[in-house]
Amino acid sequence: MDTNTVKKTCKARLARPISLLEPLWSRWKTSFKWKLVSIFVLVVFANLLLIGIFTVRETSSKIQQDDMQFSSLILKQANLNLVRYLQEYERFLFTLGSSEQLQSWSNLSIGRKPESVVPFYVLESDYIKPFTNTHPELLSVMLYHVSGNQAYFTTDAGIRPGYTMGQEPWFNQINPMQKVTYLSDITSNYVDSALNPMRLPIVSIVKRVGFNGVTYIKIDIKPDLMQSILNEINIGKSGVGFIINSSGLIVAHPQRDKLLTPLDHSIRSRMKDTPGGSFIIPGSNEIVVYQSIEGTDWKSVIVIPYVEVAGSVVDIRRIIISTAAICMVLSVLFIIFVSSSITRRISKLKQFMKQTGRGQIDVPITIEGEDEISTLAQSYNVMLSDLQQHIKRLSESKLAEQQAVLFSLQSQIDSHFLYNTLEIINSMATQIRHYEIESITISLAHMFRYTANYRHTDVTVRDEVQHLKRYLQIIQIRYGDAFDYTLQVDEACLDTPCLKVILQPIAENAVRHGFEKNVKQLSLSIVVQRTEQGTLGVIVTDNGAGFTEQRLQDLRDQLAHAESDYTDFQRIGLLNIQYRLRMRYHAAGPGIEIGNSPQGGAFVHMQFPL
């Protein structure tokens, strides 16, 4: 079969499942219900997966910790049994060492007198044999005097001919001040009945007694009973317990070939400086628990393979997976049910929206329920009602827009005429040296030029204050001593951006309404400062008659609805400023507040963000 044929066969095999999935994919792309189900299922699956991973991980760690603690308790009990077992031999050695027969044997051993056999025979019959009857693991009891005299008692095997304790490599290392010394070895010093050497693992317990420790007492025992004590620990099918000495050599182990072999260095190094503890071997995850055996330089050790711990973890994992699968199935069924309830009403809402797209905006939507979807339907009905009103107002706004354009063009024509006229008046005032008229015309020209510049609607507070000063200068000249004002401006606010022509109209309203009500002496106070709320505040107060209650209420109502009811673009007053502030900052906070001062007169408070 050539390469092209293989490629065609592979494509044909791939095309079949793809062709089966295409209808499902197309339906999923166009169905909000199944998208919603997919999202919920993924969320539930992700949560179950995370919970499962976290639970298995924490459970595994907890099981390992519990196994360590439980093994430590069991090992501690085993150590108590070992200590009690070894203390029996220590007491036996103490009894022998303090007996009169041993002292007599030691004294008679100085000259290697044959009479030394008598006290040893008494020791054998009174002490050694009774002890041996209750301790079948005992191999021999040997006495040795530094003069070379030696006596021994054996049970199952004999002593190799020519053997003396003084030949042992550890002989000169035994400290007479030490209570006992524990040694382990695989010895060939024993022979069977045919005098054939026997290679036996032994544990030797040695003690020096007498003056300057001239007499050595050595007991050789089989390590089987010590190992059986460790084997009684229930450490699983493949767990193992053993004993090591201070050099890291294995003293007792269920496998004979492991005796007197060094323990792995990586394990031994972690056990070296601590009397007991537990740890996990990296890589194999085996649990190692160890404790020192009191009165010896030995340590009992338990090694639990990971498979013993993993069995419990696998069971827990299987239970978690089964529970998660059942929960997943139930969750999917519940999700489909809930999604159908939601998407059915959304589909109904979708059909009504399509009708609205075809121009049927007078048909309200009816959706059952009291949840967010029914609230959405109600809001949509409100939107349709507002849409009808906006369509009605659209023609009115178009007409207002045309009027505004015409007004703007007319204002540009009028402004050129006014500039030329003011220039003529300024020239005439200069010729006749009428400086007040000259000052008024210059200020008025600047004011017209400032307001007629439609390209710059955003200015700074500095520009607004300058425009206000020009207006106040004109009013000062116009009314003379009948008008005075104070202007306080926070220097830190001068570079703050603001809307154009919002200060001067407020002052103009105060002046106009003040003199209209026959105020003889009008005083105006204008303060521009930063407020505690972090906004820029403008407070304009006067000493006029103030507002009547009805007028004040009417103005407040108009200001509250300025952004919705404002249609007069040919006047620049409080409503105009309020409308522009609300449209610029899109919030209810910025704007104008009016009222009567307790000291008399009216006040206007305007604020907007810095």
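Definitions and limits used
- Residues numbered from 1 in each chain as written.
- Predicted model: local features only at pLDDT ≥ 70, side-chain atom pairs only at ≥ 80, totals over all residues.
- Heavy atoms only, no water.
- Helix = DSSP H or I, 4+ residues; strand = E, 2+ residues; numbered from the N terminus.
- Buried < 20%, exposed > 50% of the residue type's maximum accessible area, 1.4 Å probe, protein only.
- Contact = heavy atoms within 4.5 Å.
- Areas by Shrake-Rupley, 256 points an atom, 1.4 Å probe, with all protein chains shown as cover.
- Phe/Tyr/Trp six-rings, centres within 6.5 Å; stacked < 30°, edge-to-face > 60°.
- Lys NZ or Arg CZ within 6 Å of the ring centre and 35° of its normal.
- Pairing = 2+ DSSP bridges.
- Axes fitted to C-alpha atoms, helices over the stretch in contact; angles between N-to-C directions.
- Core = buried A, V, L, I, M, F, W, Y, C linked by side-chain atoms within 4.5 Å.
- Arc of directions from axis to C-beta.
- Salt bridge = Lys/Arg side-chain N within 4 Å of Asp/Glu carboxyl O.

Topic: the overall build of the protein
On a plain count of helices and strands, the protein comes out with 14 helices and 18 strands. Sorting the 610 residues of the protein into buried and exposed places 37% on the buried side. Sequence separation of at least 24 residues holds for 58% of the intrachain contacts in the protein that already meet a minimum separation of 6. Carbon and sulfur atoms make up 57% of the accessible area of the protein, which amounts to about 36200 Å² in all.

A look at unusual backbone geometry
As a rule of thumb, non-glycine residues mostly have phi less than zero, and peptide bonds are mostly trans rather than cis. Unlike most non-glycine residues, Leu260 shows phi in positive territory, near 60°. Following the sequence through the fold, Leu260 ends up in the loop between strand S8 (250-252) and helix H6 (265-271). Judged by relative accessible area, which is 25%, Leu260 ranks as partly exposed.

Re the packing of aromatic side chains
Evaluated as defined, the whole model comprises ten aromatic pairs. The interplanar angle of 70° and the centroid separation of 6.5 Å between the aromatic rings of Tyr144 and Tyr216 together place this pair among those described as edge-to-face. With Tyr144 in strand S1 (residues 138-145) and Tyr216 in strand S6 (residues 215-221), this residue pair connects regions lying 72 residues apart in the sequence. Both residues of the pair, Tyr144 and Tyr216, belong to the buried class. Cation over ring: Arg478 sits above Tyr479, and NZ or CZ is 4.5 Å from the ring centre.

Points about the side chain of Asn509
Looking at the secondary structure, you find Asn509 in helix H11 (residues 504-516). The contact partners of Asn509, leaving out residues within four places of it in the chain, are Gly573 and Leu574.

Focus: the pairing of strand S4 (residues 181-191)
Most of S4 sits inside the fold, with eight of its eleven residues counted as buried. Here strand S3 (residues 158-159) pairs with S4 via two bridges, running antiparallel. Along S4, the bridge assignment pairs Ile159 with Tyr190.

Topic: the sheet that holds strand S18 (residues 602-609)
Taken together, the five strands give an open sheet; going across it, the order is S13-S15-S16-S18-S17, and neighbouring strands pair in mixed fashion. Strand pairing shows two members of the sheet lacking a second neighbour, strand S13 (483-489) and strand S17 (591-596), which therefore form its edges. With strand direction ignored, the average angle separating the axes of adjacent strands in the sheet is 10°. Inspection of the sheet shows S17 paired to S18 by six bridges, in the antiparallel sense. What sits directly across from Gly591, in S18, is Gln607.

Examining the nonpolar core
Counting residues in each nonpolar core, the largest one holds 44 residues, and the members touching the most others are Leu524, Ile592, Ile594 and Met606. Here the element with the most residues in this core is helix H10 (residues 461-479); it accounts for seven residues. Ignoring sequence-local partners within four residues, the contact set of Ile594 consists of Phe547, Leu552, Leu555, Arg556, Leu559, Leu574, Phe603 and Val604.

Here we look at helix H5 (residues 224-231)
Three or four residues apart is the spacing at which side chains of an α-helix point the same way, because the helix has 3.6 residues per turn. Where H5 is concerned, the buried positions are Met226, Gln227, Ile229 and Leu230. For H5, the angular spread of the buried residues around the axis is 150°, confining them to a single face.

Concerning the environment of Leu552
Position of Leu552 among the secondary structure elements: in helix H12 (residues 549-560). C-alpha of Leu552 to C-alpha of Ile594: the two residues are 42 residues apart in sequence and 7.7 Å apart in space. Ignoring sequence-local partners within four residues, the contact set of Leu552 consists of Phe547, Ile594, Gly595 and Asn596.

Considering the sheet that holds S1
With respect to topology, six strands assemble into an open sheet ordered S2-S1-S6-S5-S4-S3, the strand pairing being antiparallel. Unpaired on one side and paired on the other, strand S2 (150-154) and S3 mark the two borders of the sheet. Across seven bridges, the pairing between strand S5 (residues 197-209) and S6 is antiparallel. Its bridge partner being in S6, Lys207 is matched across the sheet by Ile217. Seen against the sheet, helix H3 (residues 100-108) touches S1, S2, S5 and S6 and runs at an angle of roughly 50° to S1.

Looking at the pattern of salt bridges
For side chains of opposite charge, pairing can occur when their charged atoms come near one another. With the rule as written, the count across this model stands at six salt bridges. Among the salt bridges present, the one from Asp156 reaches Lys222, with a minimum N-O distance of 3.5 Å. A residue pair is termed long-range when its members are at least 10 positions apart, and Asp156 in the loop between S2 and S3 and Lys222 in the loop between S6 and H5 qualify at 66 residues. Given the relative accessible area of 59%, Asp156 is considered exposed. By relative accessible area, which is 24% here, Lys222 ends up partly exposed. Of the charged contacts in the structure, one is a salt bridge between Lys218 and Asp220, with a shortest N-O distance of 2.7 Å. Taken as a pair, Lys218 and Asp220 share a single burial class, namely buried.

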